[in-house]
Structures are given as structure tokens and as C-alpha cells.
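Chain by chain, the residues run as shown.
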Amino acid sequence: MEVERGRRLDRAFGVRAASLDARDRAFAHDLTYGTTRLRGRLDHLLARHVERELTALDPAVLEVLRLGSYEVLYMDSVPTFAAVSEAVDQVRAVVGAKPTGLVNAVLRRVAEAGDDQAHFPDRSREPLAYLEAWGSHPSWLLERWLRRWPFEDVEALVAANNRRPPTFLLALDLGADAVLERLADAGLAGTVVADEPVHVRLDEGTRPLDALAAVPASLIQDPAAGLVTRYADLPSGTVIADLCAAPGGKALAVSARVARVVAVDRSPARIRMVRENSERTGRPVTCVVADALRPPFSGLDVALLDVPCSGTGTFARHPDARWRLDAAAIERLSMLQARMLESVSESVAPGGVLVYSTCTLEPEENRDRIDSFLGTHDDFRIESTGAVPAEMVDERGCLFVTPQTNGFDGAFAARMRRTG
């Protein structure tokens, strides 16, 4: 209900699930994140069995129906009778006795009918409607993607966004073999997916806190972020300013290779996260509260600018974002990104490097933003060093990773050298 009112799912869940033990917390996470991820699909199935429009239902009743539908269709550990019974009890507790008959009848019909493809628009004849219903994505965003990519690519992206994302551990000062050994000593396991920096995909069911305890100098971080720092190919012995640093993953990842890292964020609460991660991992990072629109620096060797963005490359990990986002937000963010680029570029010394990065797939925030910047700044040029595989670099020399390609988050980065 909080997410429907606009609160971020991770924040709402963090508060509401704080008192749960590990087993119940994992169950609740699967249920709430899964329901949010497949909301469009669940609503399509529910609409077949509810006589009125879903929007006419009491919001709490609709949320219980969504949760119950996800349980009966996608959580094998829950018997159908138990899921239906719990949903009826829940709606009685939060709304009253009147809608219990509706909830009971609808969920039993959903369970009996299942999620067969025959219940959805035809994939060939109605591709947009199919991706909206079965794929559980808003139509306006799908239309954008279908204008850029073939249907098969968009279908693969939607499927990637609807998978439960794996958890990855970034090791800051150990090699792959040593990380696996530390995990094994703690009764944990994983698979190495990247060597530089070392990222390990933790086995399903592994508690992130247990992995962090086993490998103290580590972070939970998707490999796409590691690809950004690898692509940046930062010169050793330099001073790096990470202008939108929180929670500090990129700053900490590069700290061993450079002389000094200054982590900057405008939020005191968020910069505390960077400091806490720095202290926990033993990686020295200088923390500064400041705004990237008014950076308190000049003559920087390297500026990292991981800008606020629409995050369309992270929908698997942040499923609520697909429902909050709209086209106007992308436009607003692209304007903010332009202002940040302009401000930070003035802080870079001649010969220095500016690395712009996002976790979005949208061209207005990526390629178009860089093209516009370079069109008015002839003293900057893209400089790709070949530090990442060629298939991850576009024709301009920018990093571009999509979730359907390798199972990581989406990422974009442009490494630009100031020439004068």
C-alpha cells in the first residue's frame, strides 16, 4: 500500500520487515517484490474473474488479491488452500467481512485457471498488449523500447526484468579463489562471474549479511557497476572525486588503485552510508557533503559522475520503479544531468578525465546527453581504453550493457578526456 502511494519498495520493506526473522523476511521479500514485479500480469488475470473494474475495488482488497494471486501461482511452497485462507483472513482484518466472499471466490478461480498463455493477448498479433499484460510493464515504456529495438530484444529485456535478480558480492582486496574459500569456511557458496574486480554470484538463499561477514572487505554490488569502474580505467596515483557517491560502491572499488578518493553526496544521511562502508571494509575514503551542481573542487585529475537517472536498467532489482516512472520524469532527469555535467566538467583539470555513468537504458540520459555535451564542449573527447570487452562498447566508445545480454543490471558510461 505504501508503494502504491509512491514510497520506494526497498525503503518500505526495510521498515515493515525489520522485526521478521531470516526465514519470514525471505518469504516476505519474495512475496512483495514478486507481486510488484508481476503486477501487470496479475491484474490481467484478476480482471478475468472480477466483474467490475479493478480500480473500482477498495485499494486494500486489490492488494490482497494481488498478493494472493502471486502466492497461488508462483510460490510453490504455499498450498492453494492456505494462500486463499490467509488472504480471506487478511482482508477481513484490514477491510472487514464484506469483501471476504469476493476474495475467496476470485482467488479460487485464479488458482484453477492458472496463468496459461491463452489467457493473454496473442504474442504475434498484439505484441504491445502481450508485453504489457504477460510482460507486466507499462505500455508507454514498451512503446519507447519497441521504437528502438526489435520485438525479440524487448521481449528478452522484459523477461530479464521479471526474473528474481541474483545477489552479487564485490570483493575489494581478495582474489576469486580466496573469496570462494572464505565463503566456504562460512558454509556459503557462489560462482565467480568477473575477475576484475572480483564479483561472485551468491547461491540462491544466501543472506547478504552472512556473505559480508565472511568477506569483510566486500560489498553487495551488481557487476554492471564493476564494469563502469573497469571501463573508467582510472590512472594510478591520481586523486578521484566521486560526485554522486552514495552508497559508495564505485568509490570503494577504485580506492586501491588511486592515491586518494573523495566521496561526495548532497545528503548527509547518504554520505554516512559511504563512511560506514568505508569503515567496515577498511578502505580509506574522504567523505564530503556537497552538491554536484556546485562541486567544491577545481583541477581534478578524475571526476566520476554517476548521475541520478530513471534506472530503467535496474527494474529486476527495483520492480516498483517501472510503475512510478513516466516520460516527464525522464525529461526532468535529463535536464538535471545536463546541469550536473556542465558543473562538474568545469572542475576537471586540462588533461583530466570525466566519467559520466547511469543505470538507465534511455538515450536521452545516455547517448543523447553525451552528444549534446560534446557538441558544446570541444575541449572534451571520448577516450575508450579497451579495458572492457569490445561487445560492451558502442561505436562512440561508450560502455553500454543491457540486462538481457548477460543477466546484470543495465549500465552506460562515457569516459571523456579534457584536452584543453
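Going by the structure above, here's the rest.
Notes on the structure follow. Here the structure is a predicted model, which is why all the values come from computation and not from measurement. (Residues numbered from 1 in each chain as written. Predicted model: local features only at pLDDT ≥ 70, side-chain atom pairs only at ≥ 80, totals over all residues. Heavy atoms only, no water.)

## A few points about the overall build of the chain
Here comes step 1: Across its full length, the chain holds 18 helices and twelve strands.
Here comes step 2: Its C-alpha atoms give the chain a radius of gyration of 23 Å, within 12% of the compact-globule value 22 Å for 420 residues.
Here comes step 3: Overall size of the chain, expressed as C-alpha extent along the three principal axes, is 70 × 50 × 35 Å.
Here comes step 4: In the chain, which comprises 420 residues, the proportion classed as buried is 52%.
Here comes step 5: In the chain, 69% of the contacts between residues at least 6 apart in sequence involve partners at least 24 apart.
Here comes step 6: Accessible surface for the chain amounts to roughly 19100 Å². Of this, 49% is attributable to carbon and sulfur atoms.
Here comes step 7: Of the side chains in the chain, 50 bear a positive and 60 a negative charge, and the two mean positions are spaced by 4 Å. (Helix = DSSP H or I, 4+ residues; strand = E, 2+ residues; numbered from the N terminus. Rg over C-alpha atoms; globule rule 2.2 N^0.38 Å. Buried < 20%, exposed > 50% of the residue type's maximum accessible area, 1.4 Å probe, protein only. Contact = heavy atoms within 4.5 Å. Areas by Shrake-Rupley, 256 points an atom, 1.4 Å probe, with all protein chains shown as cover. Lys, Arg positive; Asp, Glu negative; His and termini not counted. Charge placed at Lys NZ, Arg CZ, Asp CG, Glu CD.)

## Brief notes about the nonpolar core
Here comes step 1: Grouped together as the largest cluster of nonpolar side chains are 30 residues, with contacts concentrated most on Leu46, Leu65, Tyr70, Leu73 and Val103.
Here comes step 2: If you list the elements that add at least two residues to this core, you get helix H3 (39-47), helix H4 (59-74), helix H5 (80-94) and helix H6 (100-113).
Here comes step 3: Considering every element that reaches this core, the biggest residue donor is H4, with nine residues.
Here comes step 4: Not counting the four nearest positions on each side in its chain, leucine 46 is found in contact with Leu54, Leu62, Leu65, Arg66, Ser69, Val106 and Val110.
Here comes step 5: With 27 residues, the next largest nonpolar core counts Ala241, Leu243, Val344 and Phe380 among its residues. (Core = buried A, V, L, I, M, F, W, Y, C linked by side-chain atoms within 4.5 Å.)

## Describing helix H2 (residues 22-37)
Here comes step 1: Between its first and last C-alpha, H2 extends 22 Å over 16 residues, near the 22 Å set by a 1.5 Å rise per residue.
Here comes step 2: Residues of H2 that are buried: Ala28, Leu31, Tyr33, Gly34, Thr35, Thr36 and Arg37.
Here comes step 3: Packed against the buried residues of H2 are helix H1 (9-16), H3, H4, helix H9 (151-161) and helix H15 (321-324). (Expected span 1.5 Å × (residues − 1).)

## Here's the deal with the sheet that holds strand E2 (residues 190-195)
Here comes step 1: Here four strands make up an open sheet; going across it, the order is E2-E3-E1-E4 and the pairing antiparallel. Of all strands in the sheet, those bounded by a partner on one side alone are E2 and strand E4 (218-220). Put simply, the sheet's adjacent strands are angled 25° from each other on average, direction ignored.
Here comes step 2: Where E2 and strand E3 (residues 198-202) come together, five bridges link them in antiparallel fashion. Across the sheet, residue alanine 194 finds its bridge partner in E3, namely histidine 199. (Pairing = 2+ DSSP bridges. Axes fitted to C-alpha atoms, helices over the stretch in contact; angles between N-to-C directions.)

## Things to note about the packing of aromatic side chains
Here comes step 1: Applying the stated criterion to the full structure yields seven aromatic pairs.
Here comes step 2: A centroid spacing of 6.5 Å and a plane angle of 75° characterise the contact between tyrosine 356 and phenylalanine 412, whose relative ring orientation is edge-to-face. In this pair, tyrosine 356 is assigned in strand E9 (residues 348-358) and phenylalanine 412 in strand E12 (residues 411-418), connecting sequence segments 56 residues apart. As far as burial versus exposure is concerned, tyrosine 356 and phenylalanine 412 are alike and both buried.
Here comes step 3: Above the face of the tryptophan 149 ring, arginine 148 is positioned so that its terminal group lies 4.1 Å from the ring centre. (Phe/Tyr/Trp six-rings, centres within 6.5 Å; stacked < 30°, edge-to-face > 60°. Lys NZ or Arg CZ within 6 Å of the ring centre and 35° of its normal.)

## Regarding H4
Here comes step 1: Between its terminal C-alpha atoms H4 stretches 22 Å, which fits the 22 Å expected from 16 residues at 1.5 Å a residue.
Here comes step 2: For H4, the tally of buried residues reaches 15 of 16 residues, placing the bulk of the element in the interior.
Here comes step 3: Where H4 begins, the capping side chain belongs to aspartate 58, and its oxygen is found 2.8 Å from the backbone nitrogen of alanine 60. (Polar contact = N/O pair within 3.5 Å; in protein donor to acceptor, adjacent residues only side chain to side chain.)

## Some thoughts on the packing of helix H8 (residues 139-148) against H9
Here comes step 1: Where H8 contacts H9, the axes come no closer than 8 Å and their chain directions differ by 135°. By the angle class used here, H8 and H9 are oblique. Where H8 crosses over H9, the handedness of that crossing is right-handed. Together, Leu142, Trp145 and Leu146 of H8 and Phe151, Val154, Leu157, Val158 and Asn161 of H9 make up the contact between the two elements.
Here comes step 2: Here the contact of H8 with H9 is built from residues that sort into seven nonpolar, one polar and no charged. (Parallel < 35°, antiparallel > 145°, perpendicular 65-115°, else oblique. Left-handed = near helix turned anticlockwise from the far one by under 90°. Nonpolar A, V, L, I, M, F, W, Y, C, P; charged D, E, K, R; others polar.)

## Observations concerning the side chain of threonine 35
Here comes step 1: Tracing the backbone through its elements, the reader meets threonine 35 in helix H2.
Here comes step 2: What makes threonine 35 buried here is its relative accessible area of 4%.

## Some points on unusual backbone geometry
Here comes step 1: Note the cis peptide between alanine 246 and proline 247, where omega equals 5°.
Here comes step 2: On the secondary structure map, proline 247 appears in the loop between strand E5 (239-242) and helix H13 (249-254).
Here comes step 3: Non-glycine residue serine 136 carries a positive phi angle of around 55°.
Here comes step 4: Note that serine 136 resides in the loop between helix H7 (127-133) and H8.

## Details of the environment of arginine 280
Here comes step 1: Among the secondary structure elements, arginine 280 is positioned in helix H14 (residues 268-281).
Here comes step 2: Look at arginine 280 and you get partly exposed, because its relative accessible area is 34%.
Here comes step 3: Sequence spacing of arginine 280 and threonine 35 is 245 residues, and the spatial spacing of their C-alpha atoms is 34 Å.
Here comes step 4: When sequence neighbours within four positions are dropped, the list of residues in contact with arginine 280 reads Leu212, Pro216, Ser218 and Leu219.
Here comes step 5: Reaching out from arginine 280, the side chain makes a polar contact with the backbone oxygen of serine 218 at a distance of 2.9 Å.

## Concerning the pairing of E9
Here comes step 1: When you tally the buried positions in E9, you get nine out of eleven residues, the bulk of the element.
Here comes step 2: Taken together, the six bridges between strand E8 (residues 300-306) and E9 define a ladder with parallel strand orientation. Following the sheet pairing, leucine 300 is matched in E9 by valine 348.
Here comes step 3: Where E9 lies against E12, six bridges are found, and the strand directions are antiparallel. Looking at E12, one finds that valine 355 is bridged to arginine 415.

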